[in-house]
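Descriptive analysis of the structure
Here is what each chain is made of, one letter per residue.
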Amino acid sequence: MSKERASASQPSGRHQYIREQLRLHGRVYAGELAASLGVSEDSIRRDLRELAADGACQRVYGGAIALTPNRHGFLQRRHENTERKARLAAAAVRLLKPGQFVFLDGGTTNLEIARALPEQLPLTVATNSIPIAAALFGQKQLSVLVLGGSLNHQSGDALGTTATRMLDTMRPDICFLGTCSVDGELGVGTVMADEAAFKRHLVEQCGHTVLAVTNEKLDTASPFIVAPLSDIGTLIIEPDADPVRRAHLEAGGAPLLIAG
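Everything numeric in this text was worked out from a predicted model, so none of it was measured.

**Here we look at the nonpolar core**
Ranked by internal contacts, the top residues of the largest apolar core, which has 29 residues, are Phe103 and Leu235. Top contributing element to this core by residue count: helix 10 (residues 193-205), with 4 residues. Not counting residues up to four positions away in its chain, the partners in contact with Leu235 are Leu211, Val213, Leu229, Leu249, Ala254, Pro255, Leu256 and Leu257. Judged by nonpolar contacts, the second largest core, of 24 residues, contains Ala89, Ala92, Val93 and Ile132.

In structure tokens:
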């Protein structure tokens, strides 16, 4: 008898197995879990409800999806996976053309995009991110606009009514959206309501929305929805992204660009 089937009689054993599958694959299906563990789908659905209540996943039709791991503040995350984010940033800046109006949303990957902007490329750049504005300081080829508003100390972004009203006056050619999670079915999400509201408005205002994401955010969910993948003009992912997760993204309708 397999270890999985031996532990299937105990909910704790099934929960551990399901958590591991979520970690490995991002998404699980009730039918497949039932077959692997030799239990009924009713038992699996009950397990998934309990795991969702514990914050381990979000229920979706036919199974569940992992919650985003991106629940730490900006100051901690800016030191994580910097080489991988820099690779995404290098692909992102190749999309830019001289004279464009660019919006850089908050986030640690977008901070790397700010740092990767070519010195000889003249742009108008707007941002609501204090760390990104600081990174742009001294780049004289750029005309920089900084949105004001209430500072969110977790994200480092200006949010709320003032920031949104300033965004109302802008029509960026291209924006680089920050995100906590992305999934082919659930779309783009984030963990804070005010942040999600600002990002939704940014997508509406922008001509072309670009999203650069590291592997751990793929096939994950967040409490607040920003936009469906069909609203994303270019989705930049890492070259070693899991093929199954990549297929889920392609099914969601966002054109993929593989960072090289």
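From this point, things continue past the structure.
**A few points about the sheet that holds strand 12 (residues 209-212)**
With parallel pairing, the 7 strands of this open sheet are ordered in space as 6-5-4-9-12-15-16. The outermost strands of the open sheet, each flanked by one partner alone, are strand 6 (142-146) and strand 16 (256-258). Direction aside, the axes of adjacent strands within the sheet are offset by 20° on average. Here strand 4 (residues 101-104) pairs with strand 9 (residues 174-177) via 3 bridges, running parallel. Looking at strand 9, one finds that Phe103 is bridged to Cys175.

**A short note on the packing of aromatic side chains**
A full pass over the atoms with the stated rule returns 1 aromatic pair. Residues Phe103 and Phe198 carry aromatic rings whose centres are separated by 6.2 Å and whose planes lie at 45° to one another, so their mutual orientation is tilted. Separated by 95 residues along the polypeptide, Phe103 in strand 4 and Phe198 in helix 10 bring together distant segments of the chain. There is no split in this pair, since Phe103 and Phe198 are both buried.

**Regarding the UniProt feature "domain: HTH deoR-type" (unreviewed entry) in the chain**
Within the UniProt annotation, "domain: HTH deoR-type" (unreviewed entry) is assigned to residues 11-66. End C-alpha to end C-alpha, residues 11-66 measures 19 Å, and it is 64% helix and 20% strand.

**Brief notes about the pairing of strand 5 (residues 123-127)**
With 4 of its 5 residues buried, strand 5 lies for the most part within the structure. Handedness of the crossover is the feature at issue here: the chain leaves strand 4, passes through helix 7 (residues 108-116), returns alongside strand 5, and the resulting connection is right-handed. Summarising the sheet, strand 5 and strand 6 pair through 5 bridges and their orientation is parallel. Looking across to strand 6, one finds that Val125 is bridged to Val144.

**Observations regarding helix 4 (residues 41-53)**
Given a rise of 1.5 Å per residue, 13 residues ought to cover 18 Å, and the 18 Å separating the end C-alpha atoms of helix 4 matches this to within 8%. All buried positions along helix 4 are accounted for by Ser43, Ile44, Asp47, Leu48 and Leu51. The buried residues of helix 4 all sit within an arc of 135° when viewed along its axis, so they share a single face. Where helix 4 is buried, its residues meet helix 2 (11-25), strand 1 (27-29), helix 3 (30-37), strand 2 (57-60) and strand 3 (63-67).

Reading the values: rules and limits
- Residues numbered from 1 in each chain as written.
- Predicted model: local features only at pLDDT ≥ 70, side-chain atom pairs only at ≥ 80, totals over all residues.
- Heavy atoms only, no water.
- Core = buried A, V, L, I, M, F, W, Y, C linked by side-chain atoms within 4.5 Å.
- Buried < 20%, exposed > 50% of the residue type's maximum accessible area, 1.4 Å probe, protein only.
- Helix = DSSP H or I, 4+ residues; strand = E, 2+ residues; numbered from the N terminus.
- Contact = heavy atoms within 4.5 Å.
- Pairing = 2+ DSSP bridges.
- Axes fitted to C-alpha atoms, helices over the stretch in contact; angles between N-to-C directions.
- Phe/Tyr/Trp six-rings, centres within 6.5 Å; stacked < 30°, edge-to-face > 60°.
- UniProt positions renumbered as here; feature names shortened; annotations may be inferred.
- Right-handed = clockwise from strand over helix to strand, strands pointing away.
- Expected span 1.5 Å × (residues − 1).
- Arc of directions from axis to C-beta.

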